[in-house]
Amino acid sequence: MTTTERTAASHFLPSEEPLGLVSPDGKRVEQPGLPMPADEVLLRLHSGMVAGRRFDTQATALTKQGRLAVYPSARGQEACEIGAVLALRPQDWLFPTYRDSMAIVARGVDPIEVLTLLRGDWHCGYDPYRANVAPQCTPLATNTLHAVGFAHAARVKGEDTVSLVLLGDGATSEGDTHEALNFAAVWKAPVVFLVQNNGYAISVPLAKQTAAPSLAYKGVGYGMPSVLVDGNDAAAVHAATEQAVARAAAGEGPTLIEAITYRIESHTNADDATRYRERAEVEEWLERDPIARLKQYLTDRGLLTEQAQQEIDVRAEADAASLRERMNIDTVLDPAELFQHVYAEPTAALRTQAAELAAELEER
Amino acid sequence: MTATLDTKVSLAGALNRALADALSEDERVLVFGEDVGTLGGVFRVTDGLTDRFGEARVFDTPLAEAGIVGTAIGMAMNGLRPVVEMQFDAFAYPAFEQITSHLAKLRNRTKGHVELPVVIRVPYGGGIGGVEHHCDSSEVYYTHTAGLRVVTPATPADAYTLLREAIDCPDPVVFLEPKRRYWEKGTIDPTLRSPGLDRSVVRLEGSDVTLISYGGALGTTLEAAEAAADEGYQAEVVDLRSLAPFDLDTVAASVRRTGRAVVVHEASRFCGYGAEIAAQLSETCFHYLEAPVLRVGGFDIPYPAPNLERHHLPDVDRILDAIDRLQWDDSAPLADGEA
Ligand SMILES: Cc1ncc(C[n+]2csc(CCOP(=O)(O)OP(=O)(O)O)c2C)c(N)n1
């Protein structure tokens with residue numbers, strides 16, 4: 001084959017405005033082609049976001065107490081974190097970044113294992129194969145390629161697995177994102193790219209990141225269907241992700257989703273966001289809170305009672321308390337482990353060095 | 001497997017045979033990269049493999065080295081054993097982040113949960129009249145990275161067995177192919193396995209001095225050993241084969257026998273692989289050494305243009321000069337600049 005089949009560019013184009021299903025004041029919005037998730041799913045999205053936010057505030061608090069070395073908060077991005085993850089099937093894989101601890105917890109990984117990295121005990125504290133979650137990725141955009149390779153391998157093996165990769169707006173400028181979108185489209189790999197456009201890459205605003213009409217447009221050049229959604233609308237993120245997962249599973253290839261959201265906290269606890277953005281901007285986004293709007297919608301429709309909300313809050317509080325308690329226990333780290341996972345078998349040099357360290361520790 | 005013993009093949013042919021045998025014996029093996037499919041690779045190492053094993057197993061990718069290594073990582077996470085080709089040494093640099101930050105580290109980062117049996121084949125080194133960016137000796141970028149194995153064959157027989165063993169290895173392997181030796185012929189025995197992916201071998205026995213080399217420079221070193229014999233020095237030649245891990249046992253045993261050592265490689269000397277060997281030998285064999293460990297290597301310059309490369313590459317004369325300078329006679333004055 002010397003040329004690709006031509007498909008009209010319009011086929012891949014995102015909408016002009018972000019797709020939404022629930023307005024910021026909690027009203028239903030009709031969106032042709034994007035079906036509203038079932039009530040039961042909406043309730044799970046709601047309780048997931050409440051738990052996610054409680055986890056996030058707990059992690060931030062643990063940082064202040066010196067229990068975590070660093071924490072990049074996802075506060076304000078709950079609709080993306082939870083909406084996307086709940087759209088995955090058990091066999092699917094999540095390829096998260098440093099910002100997505102909340103999503104990983106929602107996927108079923110023990111929060112204490114998730115925080116191993118940020119606590120500074122080891123780089124990845126969970127077994128990726130237990131909940132199908134790749135290690136949190138710090139070098140920007142590099143996880144996009146792992147997701148594509150993983151998904152392609154699934155197809156080679158005849159398995160029905162979709163990769164969902166999370167990345168930020170800044171990461172879309174990295175070369176690896178470009179390569180991953182291209183490989184995925186050429187290979188028709190079952191991958192969903194979810195860009196959480198939270199407005200900033202540390203301090204750099206989107207305007208300095210791209211001149212594209214929207215980040216979703218980046219899919220068009222690769223021949224990839226691209227979707228622009230309201231990233232503070234959990235129903236819309238869930239619906240768009242679910243559609244993309246279904247399309248990927250049906251062999252129709254990858255999708256790029258851009259979700260417009262906002263990072264309420266600083267980049268991490270070590271950052272000072274007042275140096276590069278106005279408080280008024282944050283206030284504006286607080287008005288568009290993802291949890292408040294879905295709660296409003298569910299309450300108005302009589303789907304969420306006062307009592308049910310209380311139960312959700314109590315459960316989130318209990319999870320946070322358990323995490324706090326467990327994080328307050330000092331971990332015992334074994335320095336011998338430093339040498340154990342470099343190669344399948346430690347090399348002669350590593351065995352010597354392990355003995356050196358052991359002798360040094362013995363002396364002290 | 002159609003194993004024929006004692007077949008004369010080129011080093012490139014031996015690699016081709018190794019890939020073919022691995023592909024037919026293990027369905028998890030995939031071969032991909034730039035132009036490796038229909039064309040069979042710019043050095044023809046993958047010649048005929050797509051025809052034989054199909055597009056799904058041996059295929060061309062878009063032009064993107066980070067993409068090739070990054071997707072190989074994802075595939076290995078999902079149970080496959082990718083063997084990827086970087087077209088030339090210097091064109092592997094776009095993949096450096098994927099190699100050093102992920103390929104090398106994922107086992108460690110996940111306490112052993114994620115295993116990445118990926119082989120990255122890199123044609124490396126000069127001596128073929130290549131224009132710029134086609135002749136780098138990039139080995140120490142990789143050997144300095146914990147978690148990677150780095151091997152380099154110097155003979156067709158080793159090309160076959162080392163590649164088979166690299167593909168079977170549970171660790172990621174950077175497989176450096178000395179491109180100026182691609183067309184040299186030798187016998188291969190596909191049934192044979194080497195003493196180990198991480199072992200060096202003595203190619204020539206001798207009692208006066210140990211010449212330590214690898215990859216493209218090994219042939220030159222063996223020639224030098226022959227010439228040295230004419231001058232009355234019986235040189236032992238060690239072919240490292242494995243650069244990471246470094247087989248200190250084999251090298252040190254030889255140096256303890258001979259008392260003298262010269263390391264020969266194409267790469268620049270400064271922070272080159274020879275510096276590590278010299279350091280390790282002085283740490284472990286000091287009392288056996290009759291002279292400092294010398295290094296013969298390329299100059300500390302960017303790889304030169306084809307019409308000048310002969311001045312850069314270590315040749316037989318330079319190796320012989322180094323042997324001469326090994327303080328054979330304590331009463332002799334030191335040569336200039338050697339104090
Ligand atoms: C390759 C690389 N370059 C730089 C960094 C340092 N860094 C960490 S996060 C970040 C900003 C990323 O912004 P974005 O992709 O929008 O994600 P967000 O942090 O907003 O979730 C930078 C520059 C990095 N982690 N990796």
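Cut-offs used in this document
- Residues numbered from 1 in each chain as written.
- Chains lettered and ligands numbered in written order.
- Predicted model: local features only at pLDDT ≥ 70, side-chain atom pairs only at ≥ 80, totals over all residues.
- Heavy atoms only, no water.
- Helix = DSSP H or I, 4+ residues; strand = E, 2+ residues; numbered from the N terminus.
- Polar contact = N/O pair within 3.5 Å; in protein donor to acceptor, adjacent residues only side chain to side chain.
- Domains from an automatic or database assignment.
- Near = heavy atom within 4 Å.
- Areas by Shrake-Rupley, 256 points an atom, 1.4 Å probe, with all protein chains shown as cover.
- Nonpolar A, V, L, I, M, F, W, Y, C, P; charged D, E, K, R; others polar.
- Contact = heavy atoms within 4.5 Å.
- Buried area = accessible area lost by both parts, 1.4 Å probe.
- Pairing = 2+ DSSP bridges.
- Axes fitted to C-alpha atoms, helices over the stretch in contact; angles between N-to-C directions.
- Patch = residues over 30% accessible without salt bridge, like charges linked within 9 Å, V, L, I, M, F, W, Y side chains within 5 Å.
- Salt bridge = Lys/Arg side-chain N within 4 Å of Asp/Glu carboxyl O.
- Lys, Arg positive; Asp, Glu negative; His and termini not counted.
- Charge placed at Lys NZ, Arg CZ, Asp CG, Glu CD.

Asker: I'd like a description of the side chain of Ser266(A), backed by residues and values.
Answerer: For Ser266(A), the position within the fold is in the loop between β7 (255–260) and α11 (279–286). In terms of polar contacts, Ser266(A) uses its side chain to reach the backbone carbonyl oxygen of Asp271(A), at 3.4 Å.

Asker: I'd like a description of the domain arrangement of chain A, backed by residues and values.
Answerer: By convention, interface size is frequently given as the accessible area that disappears when the constituent parts associate. When the domains of chain A are assigned, the result is domain 1 (9–332) and domain 2 (334–363). Using C-alpha coordinates to define each centre, domain 1 of chain A is positioned 38 Å away from domain 2 of chain A.

Asker: Outline the site of the ligand, listing residues and values.
Answerer: Residues and elements named next belong to chain A. Near the ligand there are 16 residues, and of these Tyr 98, Arg 99, Thr 138, Gly 170 and Ala 171 occur at the shortest range. Backbone polar atom of Gly 170 to an oxygen atom of the ligand: 2.7 Å apart, as the coordinates give it. Its free accessible area being 590 Å², the ligand has 74% of it covered by the protein chains. Here the residues of the shell around the ligand sort into 7 nonpolar, 5 polar and 4 charged.

Asker: With reference to specific residues and values, describe the domain arrangement of chain B.
Answerer: Residues and elements named next belong to chain B. Under the domain assignment used here, chain B contains domain 1 (8–188) and domain 2 (201–325). A C-alpha centroid distance of 26 Å is found between domain 1 and domain 2. Domain 1 puts 28 residues into the contact, and the matching count from domain 2 is 23 residues. Overall, the association of domain 1 and domain 2 removes approximately 1900 Å² of surface from exposure, summing both partners, and the carbon and sulfur fraction of that is 53%.

Asker: Just give me the short version of the sheet that holds strand β6 (residues 226–230) of chain A, but keep the residues and values in it.
Answerer: Residues and elements named next belong to chain A. In space, the 5 strands of this open sheet follow the order β1-β2-β3-β7-β6, with parallel pairing throughout. A strand with exactly one partner marks an edge of an open sheet, and here the two such strands are β1 (93–95) and β6. Along the sheet, successive strands turn relative to each other by an average axial angle of 20°, direction set aside. On the sheet, helix α10 (residues 234–249) packs against β2 (163–168), β3 (191–197), β6 and β7 and is oriented at approximately 160° with respect to β6.

Asker: Pulling in residues and values, what's your account of a negative patch on the surface?
Answerer: Taken together, the side chains of Glu223(B), Glu226(B), Asp230(B), Glu231(B), Asp315(B), Asp317(B), Asp321(B) and Asp324(B) define an acidic patch exposed on the protein surface. With respect to the secondary-structure elements, Asp230(B) resides in helix α8 (residues 216–230).

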